[in-house]
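Fold and geometry: a report
These are the residues of each chain, in order.
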Amino acid sequence: MKTRFPFLVILILGLGVLLGIRILQMEPENLLKSGDQRKSNLSNKGSISRGPHGGWLFFDGDFQLEVTIYEKGIPPEFRVYPSKVSGESISSNEVDLNIELRRLDRVDLINFKSTADFLVGNQTIEEPHSFEVDIKALWQGKDYAWQFSQIEARAEISTEAIKASGITTTKAGPGKIKIIQPLTGEISLNEEKVVHIVPRLDGVVRKVFKDLGDQVEKGELLAILESRELADVKVSYLSAVKQSRLALKDLERETLVYKNTLTMLELLELQSDFEEIRRHLNNLVIGESRKLLIPAYSKLQLASSVYQREKQLHEKGISSKSEYLLALEDYKSAEAKYVALREKIAYDGDWNIRQKQRTAEIGQLNLQTANQKLLVLGLSTAQIELLETQENPIFTQYELRSSLSGLVIKRHLTTGEALKKDDNIFVLADFSDVWVNIAIPANNLKAVKLGQKVRVINELMGIEATGRLTYLSSIIDKKNRTATGRVVIPNPKKLWRPGTFVSVELILEERTVPIAIKAEAIQNLRDWSVVFVKYGNHFEGRPLQLGASDGTWVEVLSGLSEGENYVIKNSFTVKAEIEKSGATHSH
């Protein structure tokens, strides 16, 4: 037994040596040869042999390259180790090398420079590492070439499957990114478009035309009241109208008399022939001035004639001096009375004009006051003017009309009810736009400014609207530590109902970015955030460097070019196909 054991050991060792020699004599069939043109998907591990640095081995004759993608702590780069098949190293300076990477959207040409131990590529190998590879080398005057496929994060889907799966694509391009502050708000009436209708005078309701929920237009009749107070105001107005007209007529006549009086004074000043003066003044309205001044002028003319005659007789010695002096005295007396009367008439005429003007102005003021009272009570200008022409006006009837177009949201009157002038009998609201009151936390106020865009969302109704922040309270609520902001939004269909709580997105910042994509298009693949680009029937996961997001759009800093088609809908279907294909990361 002991003699057999050494023999068995020697036999086994001998068989092992023979087997080793046989293996060394075999050709390395698992290495890709130059010009082989075979392509290998690296997801099929083991299809290309690995070298001592973990790279792919390619050989032709005695020349061999180990190609690696090195990415430990640095951006991915090609590192290539040249050697002989026997294992003898070759200096990197002796080898000229370039590699073409044919991707779906472009071709990357990688040139190499030598280092002490290997050749290193001049470009970062961007993810995904999915491409057709052409290797071209020159060593000792001989060209070498190899080709293979490195596919990952890629799948081919037929046109029929694309349609059946509902896969939709769109082109990448510029977009707006909004930095949003989510808040809550409440719809309320636009208080600037809410009107409280009051009767403005005491009265009794005779008829009501509008009820709760009725739509009314501006100027439309709401109710009819009877009011003694209104009758008094209307009578005062009509009285003021008549007094004003009389005063204006009186002023007009006084002005005419004064004008004609001045004409008479001018004619008398010229000392025209009396008959000629009488002829000019015959058709003029002068009044009392004519009665006073014409006789005085006649006496002056007579005294002047007597004086001139006595003067001539006295100078000829025919009449005595006493007769001459008496004639002179009569003339001077008549002249003084005439001049004084002229001055008095001129002054009295001007004074009378002023008095009549004052009376007319007071009458006009009284008329305006009465008119304003009627306007304040709600009567229109047309209704007021109609008072003067109506044959049998009803002074006590008061028509209560709407001062705004809107909806009746409150009504507090019935037929026969006695009302006070300050009773709040109707409330009307215009729902064409509404307020959104927003509760803004105090610690967020620093970023909030008037004019910022706001998006208002009612998820239950499935509606949304946009507006701008028009009001921001200066006071912080002590209980909930918030400030009130306000947005006015249009409400043409009256879908926004006051009292409804809504979601609010306050857009703190809005900027345009070169590339923006829909958030729903982004999927997680490996440790990447990707979108799937489409070229023909091929879909490939494109790792992205993402920037700002507003929940709907996401900024793309790198990884996607403008104009590239990417999957915007049902991208999870593409992800499932890629994962099913097994095109994974391995190099």
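That block above? That's the structure.
Residue positions are counted from 1 within each chain, in the order its sequence is given. Side-chain atom pairs in this predicted model are given and counted only at pLDDT of 80 or more, local residue features only at pLDDT of at least 70, and totals for whole chains, interfaces and linings cover all residues. Side-chain descriptors were evaluated using all non-hydrogen atoms of the structure, hydrogens and water having been removed beforehand.

Going along the chain from the N terminus, every DSSP run of H or I of four or more residues is numbered as a helix, and every run of E of two or more is numbered as a strand. Helix and strand content of the chain: eight helices and 31 strands. If you line up the chain on its principal axes, its C-alpha atoms span 210 × 75 × 50 Å. Throughout this description, buried means an accessible area under 20% of the type-specific maximum (1.4 Å probe, protein chains only), exposed means over 50%, and partly exposed covers the range between. Expressed as a percentage of the 587 residues in the chain, the buried residues total 38%. Any two residues whose heavy atoms approach within 4.5 Å are treated as being in contact. In the chain, 68% of the contacts between residues at least 6 apart in sequence involve partners at least 24 apart. With residues, only the protein chains shown are counted as cover, and all accessible areas are computed by Shrake-Rupley using a 1.4 Å probe. For the chain, the accessible surface area stands at approximately 34300 Å², while carbon and sulfur atoms represent 52% of it. Asp and Glu are treated as the negative residues and Lys and Arg as the positive ones, with His and the ends of the chain left uncounted. Note on charges: their place is set at NZ of Lys, CZ of Arg, CG of Asp or CD of Glu. When the 77 positive and 77 negative side-chain charges of the chain are each reduced to one mean point, those points stand 3 Å apart.

Note on definitions: salt bridges are taken to be side-chain nitrogens of Lys or Arg within 4 Å of carboxyl oxygens of Asp or Glu. Enumeration over the complete set of coordinates arrives at 30 salt bridges. Arginine 411 is the partner of aspartate 211 in a salt bridge, and the nearest nitrogen-oxygen pair spans 3.8 Å. Separated by 200 residues along the polypeptide, aspartate 211 in the loop between strand S14 (203–208) and strand S15 (215–216) and arginine 411 in strand S18 (residues 406–411) bring together distant segments of the chain. Residue class for aspartate 211 comes out partly exposed when judged on its relative accessible area of 41%. Residue lysine 356 is joined to aspartate 250 by a salt bridge in which the shortest nitrogen-to-oxygen separation is 2.6 Å. Highlighted residues: lysine 356 in helix H6 (residues 321–376) and aspartate 250 in helix H3 (residues 228–269), separated in sequence by 106 residues. Given the relative accessible area of 24%, lysine 356 is considered partly exposed. The class for aspartate 250 is partly exposed, based on a relative accessible area of 31%. One network of salt bridges, with partners in common, ties together Arg103, Asp105, Arg106, Asp108, Glu126, Arg154, Glu540, Arg542 and Glu564.

What follows is about H3. One fewer than the residue count of a helix, multiplied by 1.5 Å, yields its expected span. The terminal C-alpha atoms of H3, which comprises 42 residues, lie 61 Å apart, in line with the 62 Å expected from a rise of 1.5 Å per residue. Between the side-chain oxygen of the N-cap and the backbone nitrogen of glutamate 229 there are 3.3 Å, and the N-cap of H3 in question is serine 227. Here a polar contact is recorded for every N or O atom pair within 3.5 Å, except that within protein the pair must consist of a potential hydrogen donor and a potential acceptor, and residues adjacent in sequence are included only if both atoms are side-chain atoms.

A contiguous nonpolar surface patch, about 350 Å² in accessible area, is contributed by Leu460, Met461 and Leu495. Examined against the element boundaries, leucine 495 turns out to sit in the loop between strand S24 (482–490) and strand S25 (501–518). With a relative accessible area of 35%, leucine 495 lands in the partly exposed category. Only residues whose relative accessible area exceeds 30% and that form no salt bridge enter a patch; like-charged residues are grouped when within 9 Å of one another, and nonpolar side chains (Val, Leu, Ile, Met, Phe, Trp, Tyr) when within 5 Å.

As judged from the six bridges shared by strand S22 (residues 453–458) and strand S23 (residues 463–472), these two strands associate in the antiparallel manner. For valine 456, the partnering residue across the bridge sits in S23 and is alanine 465. Relative to S24, S23 is paired through three bridges, and the arrangement is antiparallel. Residue pairing across strands places leucine 469 opposite valine 487, the latter belonging to S24. By the convention used here, strands pair only if DSSP detects at least 2 bridges between them.

A few words on the side chain of glutamate 77. Along the polypeptide, glutamate 77 turns up in strand S4 (residues 77–84). Note on glutamate 77: relative accessible area 17%, which makes it buried. Among the polar contacts made by the side chain of glutamate 77, one reaches the side chain of arginine 79 at a distance of 3.0 Å. Residues within four places of glutamate 77 in sequence aside, it is in contact with Thr68, Ile69, Tyr70, Val120, Gln123 and Ile125.

Quick look at the nonpolar core now. Considering soluble globular proteins, one finds that nonpolar side chains tend to be buried as a cluster. For our purposes a nonpolar core is just a set of buried Ala, Val, Leu, Ile, Met, Phe, Trp, Tyr and Cys residues, chained together by side-chain atoms within 4.5 Å. Counting residues in hydrophobic clusters, the biggest one holds 31 residues, and the most contacted among them are Tyr237, Leu374, Tyr398 and Phe426. If you list the elements that add at least two residues to this core, you get strand S13 (194–197), S14, strand S16 (221–226), H3, H6, strand S17 (397–401) and strand S20 (426–429). Ranked by residue count, the leading element in this core is H3, at six residues. Beyond its immediate stretch of four places on either side in the chain, leucine 374 contacts Leu230, Val233, Lys234, Tyr237, Leu379, Ile384 and Leu387. Counting residues in each nonpolar core, the second largest holds 26 residues, with Trp56, Phe58, Phe78 and Val133 among its members.

Taken in spatial order, the four strands make up an open sheet running S17-S16-S14-S19, and their pairing is antiparallel. Because the sheet does not close on itself, it has two edges, and the strands there are S17 and strand S19 (418–419). Examined bridge by bridge, S14 and S19 share two bridges and lie antiparallel to one another. Across the sheet, residue valine 204 finds its bridge partner in S19, namely alanine 418.

Further remarks concern the sheet that holds S15. Read from one edge to the other, the open sheet built from four strands follows the order S13-S20-S18-S15, with strand pairing classed as antiparallel. Unpaired on one side and paired on the other, S13 and S15 mark the two borders of the sheet. Pairing of S13 with S20 involves four bridges; the strand directions are antiparallel. Within S20, the position partnered with isoleucine 197 by the bridge is phenylalanine 426.

Looking now at unusual backbone geometry. For the peptide bond that leads from glutamate 127 to proline 128, omega is 0 degrees, which places it in the cis range. Mapped onto the fold, proline 128 is located in the loop between strand S7 (119–121) and strand S8 (131–139). The backbone of arginine 526 sits at a positive phi, close to 55 degrees, despite the residue not being glycine. Along the chain, the position of arginine 526 falls in the loop between strand S26 (523–525) and strand S27 (528–535).

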